[in-house]
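Per-entry structural report
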Amino acid sequence: MSGPLDGVVVLDMSRVLAGPWAGQLLADLGARVIKIEHPERGDDTRGWGPPWLEGAGDAERQAAYYLCANRGKQSLGVDIATPDGQALVRELAAGADVLLENFKVGGLARYGLDPARLRERNPRLIACSITGFGQDGPYAHRAGYDFMIQAMGGLMSLTGEPDGMPMKTGVAITDVMTGLYAAIGVLAALHERRRTGQGRHIDVALLDVQLATLANQALNALVSGQDPRRHGNAHPNIVPYQAFACADGHLVLTVGNDAQFARLADLLGHPDWAEDPAYATNAARVGNREVLVPRIAEALLARGRDAWLAELEARGIPAGPINTLTEVFADPQVRHRGLCREVTDGERRIPQVANPLRFDGASATSEAPPPELGQDSDAVLAELGLSAEQIARLRRQGIVR
């Protein structure tokens, strides 16, 4: 797919989500991404089902988890534990622009494929290493997983009902955000290389990303010197900004300023709230949430969700329904924006969620399906100058798939 990164070659030696997410984003933007996988197991997520997109048999079925982060890539199945496999990766890296990897610190060094070694031969190579805790520090040797990092990095302490158990998010959000930061780092290094001619080694850690993306809550703690409390579906700094029950369902109110609150107060039959010093400003509402929020909740129980949403929209008061994913994909705005897409793989149609970036009105979403394990091995190896006989030998030896 042609795009802003047309001509950029990426070796994606990462597995699971954070690294592959970065690789998929670069592929969506037009880079050629070669996914380096173990010739037998492949990416761990190939087996993380159900649900499965069924193929001709168990060997051809693909886990939905794998399909979410690998479109637009080529797959080269190669055993990097063998000298021949290592030589192939080194040859690919010599002509590549970017390396993505998420081995534990020092993990690639035992194969002679660590960023420092690869950049000796190709100083223009931009290597991005994604780990749980970074390349240095007392935890650098540890493996990192999203759930664990949400716990250690403070996100779980902020998520859940005030009197309930701390909760993780419903998506591996730390992995996803780490993939985004990794892609940003790669793009910055590509831009810098135009000036310097030199690559970089980018160090991205899940724990660092988790802390950096705590945003206002991190500063709430640093400024106040106190741990923020869990507020369930409420906001620590804005009121009313939370979920409410209606007569037949739930909605979310996101009142962002005092003018919006005045319109809400009028709609709920209490225009005096907007003049009351206890509620007139957001700071006052935050300080008096225990009194105000139950009064809003009581008023909203009087009518159905959709009736309230229509009234709220008519008055310019931000609000929305709490949708299931089935309802999200059926939403007219989501359908209009083409966020639910399909790519084809032979006779199979593979559902995808579109890349949210658009360039001149066109979606930056690759049309190439997530690859089957090793499907591009022959083509990639032929580009390195290997003959059909040499490739066949490597396959017989189990070095490539």
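Residues numbered from 1 in each chain as written. Predicted model: local features only at pLDDT ≥ 70, side-chain atom pairs only at ≥ 80, totals over all residues. Heavy atoms only, no water.

Our next topic: the overall build of the protein chain. Scanning the protein chain from terminus to terminus reveals 17 helices and 15 strands. Over its C-alpha atoms, taken along the principal directions, the protein chain stretches across nearly 85 × 50 × 40 Å. Within the protein chain, the proportion of its 401 residues that are buried is 45%. For the protein chain, restricting intrachain contacts to residue pairs at least 6 apart in sequence, the fraction spanning at least 24 positions comes to 67%. As displayed, the protein chain has an accessible area near 20100 Å², and 54% of this comes from carbon and sulfur atoms. For the protein chain, the centre of its 40 positive side-chain charges and the centre of its 49 negative side-chain charges are spaced 4 Å apart. (Helix = DSSP H or I, 4+ residues; strand = E, 2+ residues; numbered from the N terminus. Buried < 20%, exposed > 50% of the residue type's maximum accessible area, 1.4 Å probe, protein only. Contact = heavy atoms within 4.5 Å. Areas by Shrake-Rupley, 256 points an atom, 1.4 Å probe, with all protein chains shown as cover. Lys, Arg positive; Asp, Glu negative; His and termini not counted. Charge placed at Lys NZ, Arg CZ, Asp CG, Glu CD.)

Spatially, 3 strands are ordered 9-10-11 in an open sheet, and the strand pairing comes out antiparallel. Of all the strands in the sheet, just strand 9 (241-245) and strand 11 (319-321) have a single pairing partner and so form its edges. Shown here is a sheet whose adjacent strand axes are inclined to one another by a mean of 25 degrees, direction ignored. Here strand 9 runs beside strand 10 (residues 250-254); their pairing, made up of 5 bridges, is antiparallel. Residue pairing in the sheet places Q242 in a bridge with L253 of strand 10. The sheet strands contacting helix 13 (residues 305-314) are strand 10 and strand 11, and the helix crosses strand 10 at an angle near 25 degrees. (Pairing = 2+ DSSP bridges. Axes fitted to C-alpha atoms, helices over the stretch in contact; angles between N-to-C directions.)

Time to look at the sheet that holds strand 7 (residues 126-131). The sheet built from 6 strands is open, its strands ordered 5-2-1-6-7-8 with parallel pairing. What marks the edges here is a single partner per strand, and that holds for strand 5 (73-77) and strand 8 (201-205). Taken pair by pair, the neighbouring strands of this sheet meet at an average axis angle of 20 degrees, ignoring direction. Sheet strands touched by helix 3 (residues 83-94): strand 1 (9-13), strand 2 (32-37) and strand 5. Its angle to strand 1, the strand with the most contacts, is close to 145 degrees. Those strands touched by helix 7 (residues 173-196) are strand 6 (98-101), strand 7 and strand 8, and its axis lies near 160 degrees from that of strand 7.

With that out of the way, let us pick up unusual backbone geometry. The bulk of non-glycine residues show a negative phi, and the bulk of peptide bonds are trans. A cis amide bond, omega 5 degrees, links P50 with the succeeding residue P51. Residues V239 and P240 are joined by a peptide bond in cis, for which omega reads -5 degrees. Positionally, P240 belongs in the loop between helix 9 (215-224) and strand 9. Positive phi, close to 75 degrees, is recorded for V16, a residue that is not glycine. When you line up the elements, V16 lands in the loop between strand 1 and helix 1 (18-28). Even without a glycine there, the phi angle at A215 is positive, about 50 degrees. If you trace the backbone, A215 turns up in helix 9. The exposure class of A215 is partly exposed, given its relative accessible area of 45%.

With that settled, consider the packing of aromatic side chains. The description of two aromatic rings rests on the distance between their centres and on the angle between their planes. This model, assessed by the stated rule, comprises 3 aromatic pairs. Geometrically, the ring pair formed by W273 and Y279 is edge-to-face, given 6.4 Å between the ring centres and 70 degrees between the ring planes. The exposure class assigned to W273 is buried, which follows from its relative accessible area of 1%. Its relative accessible area of 5% is what places Y279 among the buried residues. (Phe/Tyr/Trp six-rings, centres within 6.5 Å; stacked < 30°, edge-to-face > 60°.)

Here helix 12 (residues 289-300) is 12 residues long and its end C-alpha atoms lie 16 Å apart, about the 16 Å a rise of 1.5 Å per residue gives. Those residues of helix 12 that sit buried are R289, L292, V293, I296, A299 and L300. Burial along helix 12 is one-sided: seen end-on, the buried residues are contained in an arc of 125 degrees. The outward face of helix 12, more than 90 degrees from its buried face, is lined by the exposed residues E290 and E298. In this fold, the buried residues of helix 12 make contact with strand 9, strand 10, helix 10 (258-267), helix 11 (282-287) and helix 13. (Expected span 1.5 Å × (residues − 1). Arc of directions from axis to C-beta.)

Moving on: the environment of A274. Turning to its location among the elements, A274 is positioned in the loop between helix 10 and helix 11. The exposure class assigned to A274 is buried, which follows from its relative accessible area of 18%. Separated by 74 residues in the primary sequence, A274 and R200 place their C-alpha atoms 55 Å from one another. Among all residues touching A274, those that are not within four sequence positions of it are F261, A262, A265 and A280.

Attention shifts here to the pairing of strand 2. Regular strands place their side chains on alternate faces of the sheet. Buried residues dominate strand 2, accounting for 5 of its 6 residues. The pairing of strand 1 with strand 2 spans 4 bridges and is classified as parallel. Bridge pairing in strand 2 places V10 opposite V33. Read from strand 1 through helix 1 to strand 2, the crossover connection turns out right-handed. Where strand 2 and strand 5 come together, 5 bridges link them in parallel fashion. Within the sheet, the bridge partner assigned to K35 lies in strand 5 and is S75. (Right-handed = clockwise from strand over helix to strand, strands pointing away.)

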